[in-house]
Amino acid sequence: MVEKLLKGSPAYYIWLLFLGSVVGLGGFTYLFQLKYGLAITGMSRDVSWGLYISQFTYLVGVAASAVMLVLPAYFHHYKQFKKMIILGEFMAISAVLMCMLFIVVDMGQPQRMLNVILHPTPNSVMFYDMMVLMGYLFINLLVGWVTLEAERHDVEPPKWIKFFIYLSVIWAFSIHTVTAFLYAGLPGRHYWLTAIMAARFLSSAFCSGPAILLLLVFVLRRLTGFNPGREAVQTLTKIITYAMCINVFFYLLEVFTAFYSGMPGHQHPLVFLFAGHGGHSYWVNGWMWTAVVFAFLSLALLIPPQIRDNEKVLPWALVMLVIASWIDKGLGLLIGGFTPNPFEGITVYAPSVPEILIALGIYAFGLLVLSLLWKIAIEVKKEAGTF
Amino acid sequence: MNNSRRRFLKIASLSVFGLGAKGVLDVAAGTTPDAAALTGKYEDGATALKAKRWAMVIDMRKFTSPEDYSRVIEACHSIHNVPSIEGNQEIKWLWTDTYEATFPDDMNPHLSQEVLERRYLLLCNHCENPPCVRVCPTKATFKRADGIVVMDYHRCIGCRFCMAGCPYGARSFNFGDPQPHIKAINPKFPARTRGVVEKCTFCSERLAVGQLPACVEASNGAILFGDLDDPNSPVRKALNENYSIRRKPSVGTQPGVYYIV
């Protein structure tokens, strides 16, 4: 099926070239990081993880979200999703690859990364995180490829693949739970030390991931005419709406516990994120309030069925939802976890320009992989008449 | 033809997988012949200081002048090749901070003037139950049988999970190359490379040759060091006679550093 990549319009090649050059820019910047170390990032002794690890966390959620198509389609035999499912699985592959790259660029000694396998350490959550991410990549590659191959030959997929499809559902939950455990098991970080972390991660993943998928499918529809089906879009939007309601609800639970209990350690990160410290406000405050406004606006547009089903409004609601969830998890989560620091002091973190360029390079790589995989899927679907 | 190519690929990939699996199984079973030969044997030197549980007691009452602090910090940082880097990517093994920053859980605005205004010495707590060891994915940081939490700078992958795990902010990361920032390199102790984490080692390298930690030696009796399991050790005696506190007792790590305030 790989040959499908070779034939495309000039626009297709220009798009690949554009993504390739952004990847190149990120790669070039990474060479500087290899030479000068993570000193070129905005991270510090107190805020020792930053944009890289937060993007990793966000993208694990995007990867896990494929399950919101797979689960209804295979557990509940909801046929409407069958057409879109391959796009979700391929998006998961691209997201997992980005996760892995974000981990690698965050390492101080990337050439030693095999130490995680050479000296396996079952008491470290990172060990499990590595295993579940590798496993999820493998499962999605296998399932995606085998089902698409079957679609191409117009036959039912082989029976044995069912096992891997069911496995992928459980696995999707596991990758994001394990990622939450990276944070939720640390005794000194108040913002992360919460039993609801994994649940929050999953709810945020199950709204933002499908929202990104739908937005990309709308772009695909405009470019190629691929029609995901009106009912499928409406059902997925309902799933997104429920997940976002739960996501916002879970966040408010954190706010209640922190402020009604009056526990200073639990309050400080929230106060810092939304109001700054000691009468001084910080750049992250504006972002956090933007997230609040966008989260509620997106819900206002998604909850009433007559607005939700209006496809002129829907993309805007989804864009706001994605921005809100990205600020919460791709920015606030890490900054709130590290600020205040263990000495109850404030060390301000802001990503540096090289750090942002490297992150953009990885996103462009993910988009490149996604474009290629979707190109294959679309060409196969065109031939098989399942377009 | 298509069929035979497919069969060839199937057989070839299975064989490759089989070869790979054999290697993995050998390692898992520990049967690789080279492994036994490569594993060295370690024995304590004849003069090594030994304990069941090393611990430190810092008598803050005996730190009266800025010189008292700088002397112990300099003693530590100079022999361990700790670089002096300005800004928030700094590296420190032993440093000072306010009461509020050191004991945030114990803060009381009406503490005695002396206690409130004094600077406190901070270092790795060598916890009984260290979160940094729990989270390290490569065992680059580990706890020895005598309670000291140490690091293998050559195994560390620089993931900084230990820094997120440490509730005491005791760990520093080499964001850049530390060597240009070291005034005079002590060739007896490894200087670190960029991209690894480091921290206080309770001078395990000095204990191995019968010397007390450098800060203890330089403190003129203000910092005590000894075996917590031995009722006659200087640390146990000091703890018996004085009221002492530890940093953040609520996080359950059981620090090995005690403060007399």
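About the thresholds
Residues numbered from 1 in each chain as written. Chains lettered and ligands numbered in written order. Predicted model: local features only at pLDDT ≥ 70, side-chain atom pairs only at ≥ 80, totals over all residues. UniProt positions renumbered as here; feature names shortened; annotations may be inferred. Helix = DSSP H or I, 4+ residues; strand = E, 2+ residues; numbered from the N terminus. Buried ≥ 20, exposed ≤ 12 C-beta atoms within 10 Å, placed from the backbone. Contact = placed C-beta atoms within 7 Å. Rg over C-alpha atoms; globule rule 2.2 N^0.38 Å. Nonpolar A, V, L, I, M, F, W, Y, C, P; charged D, E, K, R; others polar. Core = buried A, V, L, I, M, F, W, Y, C linked by C-beta atoms within 7 Å. pLDDT = per-residue confidence, 0-100. Pairing = 2+ DSSP bridges. Axes fitted to C-alpha atoms, helices over the stretch in contact; angles between N-to-C directions. Arc of directions from axis to C-beta.

In the nomenclature of an unreviewed UniProt entry, chain B is known as Reductase, iron-sulfur binding subunit, putative of Nitratidesulfovibrio vulgaris.

Chain A carries the name Putative sulfite reductase-associated electron transfer protein DsrP in an unreviewed UniProt entry, which gives Nitratidesulfovibrio vulgaris as its organism. According to the UniProt record, the Subcellular location (unreviewed entry) comment for chain A is "Cell membrane".

(A) Region of the structure containing the overall build of chain B. For chain B, the count of helices and strands is 10 helices and 9 strands. Taken across its 261 residues, chain B has 39% of its residues classed as buried. When contacts within chain B are restricted to residue pairs at least 6 apart in sequence, long-range pairs at least 24 apart make up 65% of them.

(B) Fine view of the overall build of chain A. Scanning chain A for helices and strands turns up 14 helices and 0 strands. Counting from the amino terminus, chain A carries its helices and strands in the arrangement α-α-α-α-α-α-α-α-α-α-α-α-α-α. A compact globule built from 387 residues should have a C-alpha radius of gyration of about 21 Å, and chain A, at 21 Å, falls within 12% of that. C-alpha atoms of chain A, sized along the principal axes, occupy 65 × 50 × 40 Å. Within chain A, the proportion of its 387 residues that are buried is 46%. For chain A, the proportion of contacts with a sequence separation of at least 24, taken over those separated by at least 6, is 79%.

(C) The arrangement of the interface of chain A and chain B in detail. Counting residues at the interface gives 33 residues for chain A, matched by 40 residues for chain B. A breakdown of the residues in the side of chain A that touches chain B according to their chemical character gives 14 nonpolar, 14 polar and 5 charged.

(D) Fine view of the environment of Leu97 of chain A. Residue and element names in this part refer to chain A. Inspection of the secondary structure assignment puts Leu97 in helix 4 (residues 82–106). Remark: the alpha-carbon pair of Leu97 and Phe163, spanning 66 residues in sequence, is separated by 23 Å. What Leu97 contacts, discounting residues up to four positions off in sequence, is Gly366 and Val369.

(E) Layout of the nonpolar core. In terms of nonpolar packing, the biggest core is built from 176 residues, with Ala63, Met98 and Cys99 of chain A together with Met56 of chain B touching the most fellow members. In terms of residues, this core owes the most to one element, helix 4 of chain A, which gives 17 residues. If near-sequence neighbours (up to four positions away) are discounted, Cys99 of chain A is found in contact with Phe56, Leu59, Val60, Ala63 and Leu133 of chain A.

(F) Layout of the environment of Cys162 of chain B. All names here are of chain B. With respect to the secondary-structure elements, Cys162 resides in helix 7 (residues 161–165). With 31 residues separating them along the chain, Cys162 and Pro131 place their C-alpha atoms 7.3 Å apart. Sequence-distant contacts of Cys162, defined by excluding residues within four places in its chain, comprise Cys132, Val135, Cys136, Thr141, Arg171 and Val197.

(G) Local environment of the confidence of the model for chain B. Across chain B, the average pLDDT comes to 90, with 87% of residues at 70 or higher. In the predicted complex, the global pTM is 0.91; the interface-specific ipTM is 0.92.

(H) Molecular detail of the pairing of strand 8 (residues 223–227) of chain B. Residues and elements named next belong to chain B. Within strand 8, 5 of the 5 residues are buried, which leaves the element mostly enclosed by the surrounding structure. Examined bridge by bridge, strand 1 (residues 54–59) and strand 8 share 5 bridges and lie antiparallel to one another. Note that in strand 8 the partner of Ala55 across the bridge is Gly226.

(I) Layout of the environment of Val150 of chain B. Residue and element names in this part refer to chain B. Its location among the elements puts Val150 in strand 5 (residues 149–151). On the basis of neighbour count, Val150 is assigned to the partly exposed category, with 19 C-beta atoms found within 10 Å. Taking the C-alpha atoms as reference points, Val150 and Tyr42, 108 residues apart in sequence, are found 16 Å from one another. Every residue in contact with Val150, bar those within four places of it in the chain, is listed here: Phe142, Arg144, Thr201 and Ser204.

(J) Region of interest: the sheet that holds strand 8 of chain B. All names here are of chain B. A sheet is described by the order of its strands in space; here 3 strands give the open sequence 8-1-9, paired in mixed fashion. Of all strands in the sheet, those bounded by a partner on one side alone are strand 8 and strand 9 (257–260). Averaged over all pairs of adjacent strands, the angle between their axes in this sheet comes to 20 degrees, without regard to strand direction.

(K) Geometry of helix 10 (residues 264–275) of chain A. Residues and elements named next belong to chain A. What helix 10 keeps buried is the set His268, Pro269, Phe272 and Leu273. The buried residues of helix 10 all sit within an arc of 120 degrees when viewed along its axis, so they share a single face. In the core, the buried residues of helix 10 are packed alongside helix 11 (283–302) and helix 13 (314–338). Directly after helix 10, the chain includes Gly276, whose backbone phi takes a positive value near 80 degrees.

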